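Below are the chains, spelled out letter by letter.
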Amino acid sequence: MMAITVATSECVFVFLLFLQHLPAGSGNFTNTLWAHQCDPGSEIFACTVPNFFYKPNHNHSTLVAPGTVRKVRLAYPRDKILLRDNIVAYDAVLHEILKRPRAVQIENVIIKTVDLPLDLEYADFSSNLIATVSAPEVNGSEYALRYLDLQYNRLTAIDSLRTLVHLETLLLAHNRIVVVDGSVLKGFPKLSGLHLGANQLEEFPYADLPATLEWLVLCRNDFANVLEFTGMYAPALKLLNLQDNFLNSLNIDSLLAAAPNLKELLLRNDFIAIDGASEIEHKLQEAGIAHDKLAHSDQESDYDEEDGDGDSYHHTNQKHQAREYIFSGLLALMNVCVMAWGGFRLYKALHSDK
């Protein structure tokens, strides 16, 4: 009997040790391990919670916040995060747990899927592992979303975003997008800014740009040879960024006709010949349009000096994620070993009296 009591005590200890390693224990919390409060002072602007746990169909954290909170920021600041695999999805359940905020920011974790709710107006899910975004039609209702940041993820297309008719800013840089369906762009009647830099685009449906678009970034894609703007009409377009592609010519006359209010054109590090660049620069100067250095140079790319911080951050983020995966694996292995040890001691204790 004494042996059984000792074994039971050992199992309880092992269980408590296992709970100690669960990834939701740090940050601001109440007397319940899973209930988190906003960082002091943040609830006035955006309720900030560093360590929050949510995996569909598992135990999850809850948010303790005033009813007036309409903006929520999870996994921030990054230096207070224990593990980055605590949130793997954003869906209707998590949206409800967060008290249906109008704005949400969850970046630099490992969210893989996003199911957009109808009432969300601002969403920043940058620097995750998102490959799937779902926004299906819902009984004729319209999504309220106006600002969507999905940079540094794993999207390959934007077709699933076609229902977001109120979008004004869409950031999709550093994904794996290979094609853009023009019919999706036509469905954004309020779109003002579109960032598709650092994807894998070889073509782009300029003719389908919404008339409201004011800035378009297409740098670091795979556009090659001559760029035409047939059928394009973008009366509000002020900035066009085509830097770091493989263009050797540009139909500047068709661009000026298609974008009569263009203020800035960026073509740095494309492969436009010096004579062609001179003609383009002359026409841009006549039209009063600002521009960068157009002629290709064999010198080191200015991009690395000016814009490299984004890539540097992304590479650093990847290293952090790799270390965290290793740490999580070692932690899981340790838990298995501890549980196996506890089970062995229990088995030994139960059979010692026989």
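Residues numbered from 1 in each chain as written. Predicted model: local features only at pLDDT ≥ 70, side-chain atom pairs only at ≥ 80, totals over all residues. Heavy atoms only, no water.

1. Let's talk about the overall build of the protein chain
Now for step 1: When helices and strands are tallied, the protein chain shows 7 helices and 18 strands.
Now for step 2: Counting the 354 residues in the protein chain, one finds 45% classified as buried.
Now for step 3: As displayed, the protein chain offers around 17800 Å² of accessible surface, 56% of which is attributable to carbon and sulfur atoms. (Helix = DSSP H or I, 4+ residues; strand = E, 2+ residues; numbered from the N terminus. Buried < 20%, exposed > 50% of the residue type's maximum accessible area, 1.4 Å probe, protein only. Areas by Shrake-Rupley, 256 points an atom, 1.4 Å probe, with all protein chains shown as cover.)

2. Quick notes on the state of the cysteines
Now for step 1: Scanning the entire structure with this criterion turns up 1 disulfide.
Now for step 2: Linked covalently through their sulfurs, Cys-38 and Cys-47 form a disulfide whose S-S length is 2.0 Å. In this structure, the disulfide formed by Cys-38 and Cys-47 twists by about -100° around the S-S bond and is classed as left-handed. (Disulfide = S-S within 2.5 Å.)

3. Observations concerning the sheet that holds strand 10 (residues 147-149)
Now for step 1: Strand order in the open sheet formed by 11 strands is 2-4-6-8-10-11-12-13-15-17-18, with parallel pairing between adjacent strands. The strands lining the two open edges of the sheet, one partner per strand, are strand 2 (47-49) and strand 18 (290-291).
Now for step 2: Bridge count between strand 12 (residues 193-195) and strand 13 (residues 215-217): 3 bridges; the pairing is parallel. Bridge pairing links His-195 to Val-217 in strand 13. (Pairing = 2+ DSSP bridges.)

4. Quick notes on empty space enclosed by the protein
Now for step 1: Counted by the stated rule, this structure contains 1 cavity of 30 Å³ or more.
Now for step 2: Considering only enclosed or pocket space, the largest cavity measures out at about 40 Å³ in volume.
Now for step 3: Lining the largest cavity, in full, are Pro-50, Asn-51, Phe-52, Ala-75, Ile-81, Leu-83, Asn-86, Ile-87 and Val-109.
Now for step 4: Of the residues that constitute the lining of the largest cavity, the class distribution is 7 nonpolar, 2 polar and no charged. (1 Å grid on protein atoms, 1.4 Å probe; cavity = no way out; pocket = protein on both sides within 12 Å on 5 of 7 lines; lining within 4 Å. Points joined across faces, edges and corners; volume = space filled by probe spheres on them. Nonpolar A, V, L, I, M, F, W, Y, C, P; charged D, E, K, R; others polar.)

5. Describing the nonpolar core
Now for step 1: Judged by nonpolar contacts, the single largest core of 78 residues is most densely connected at Phe-125 and Phe-204.
Now for step 2: Those elements that provide at least two residues to this core are strand 2, strand 4 (71-74), helix 2 (92-97), strand 6 (103-106), helix 3 (182-186), strand 16 (246-250), helix 4 (252-258) and helix 5 (274-287).
Now for step 3: When near neighbours in sequence (up to four residues on either side) are disregarded, Phe-204 contacts Val-180, Leu-185, Leu-194, Leu-196, Leu-209, Leu-216, Leu-218 and Phe-223. (Core = buried A, V, L, I, M, F, W, Y, C linked by side-chain atoms within 4.5 Å. Contact = heavy atoms within 4.5 Å.)

6. Description of the pattern of salt bridges
Side-chain pairs of opposite charge can arise where the charged atoms are in close proximity.
Now for step 1: For the structure shown, the criterion picks out 11 salt bridges.
Now for step 2: Between Glu-107 and Arg-78 there is a salt bridge, with its nearest N and O atoms 3.5 Å apart. Of the two residues, Glu-107 is situated in the loop between strand 6 and strand 7 (113-115) and Arg-78 in the loop between strand 4 and strand 5 (89-90); the sequence distance between them amounts to 29 residues.
Now for step 3: Given a relative accessible area of 29%, Arg-78 falls into the partly exposed group.
Now for step 4: Arg-162 serves as the salt-bridge partner of Asp-181, at 3.3 Å between the closest nitrogen and oxygen. (Salt bridge = Lys/Arg side-chain N within 4 Å of Asp/Glu carboxyl O.)

7. Things to note about the sheet that holds strand 5
Now for step 1: Taken in spatial order, the 3 strands make up an open sheet running 5-7-9, and their pairing is parallel. The strands lining the two open edges of the sheet, one partner per strand, are strand 5 and strand 9 (132-134).

8. Considerations on the packing of aromatic side chains
When we look at a pair of aromatic rings, we describe it by the centre distance and by the angle of the planes.
Now for step 1: Scanning the entire structure with this criterion turns up 6 aromatic pairs.
Now for step 2: Arranged with centres 5.0 Å apart and planes meeting at 65°, the rings of Phe-204 and Tyr-206 form a pair that is edge-to-face.
Now for step 3: Exposure remark for Phe-204: the relative accessible area of 9% places this residue in the buried category.
Now for step 4: In this structure an aromatic cluster arises from ring pairing among Phe-204, Tyr-206 and Phe-229. (Phe/Tyr/Trp six-rings, centres within 6.5 Å; stacked < 30°, edge-to-face > 60°.)

9. Remarks on the confidence of the model for the protein chain
Now for step 1: In the predicted model, the protein chain carries a mean pLDDT of 83, and the fraction of residues at 70 or more is 75%.
Now for step 2: Here residues 297-310 scores under 50 on pLDDT; set against residues more than four positions off or in separate chains, the count is 14 contacts.
Now for step 3: In the predicted structure, residues 312-316 sits below a pLDDT of 50 and forms 4 contacts with residues beyond four places in sequence or in another chain. (pLDDT = per-residue confidence, 0-100.)

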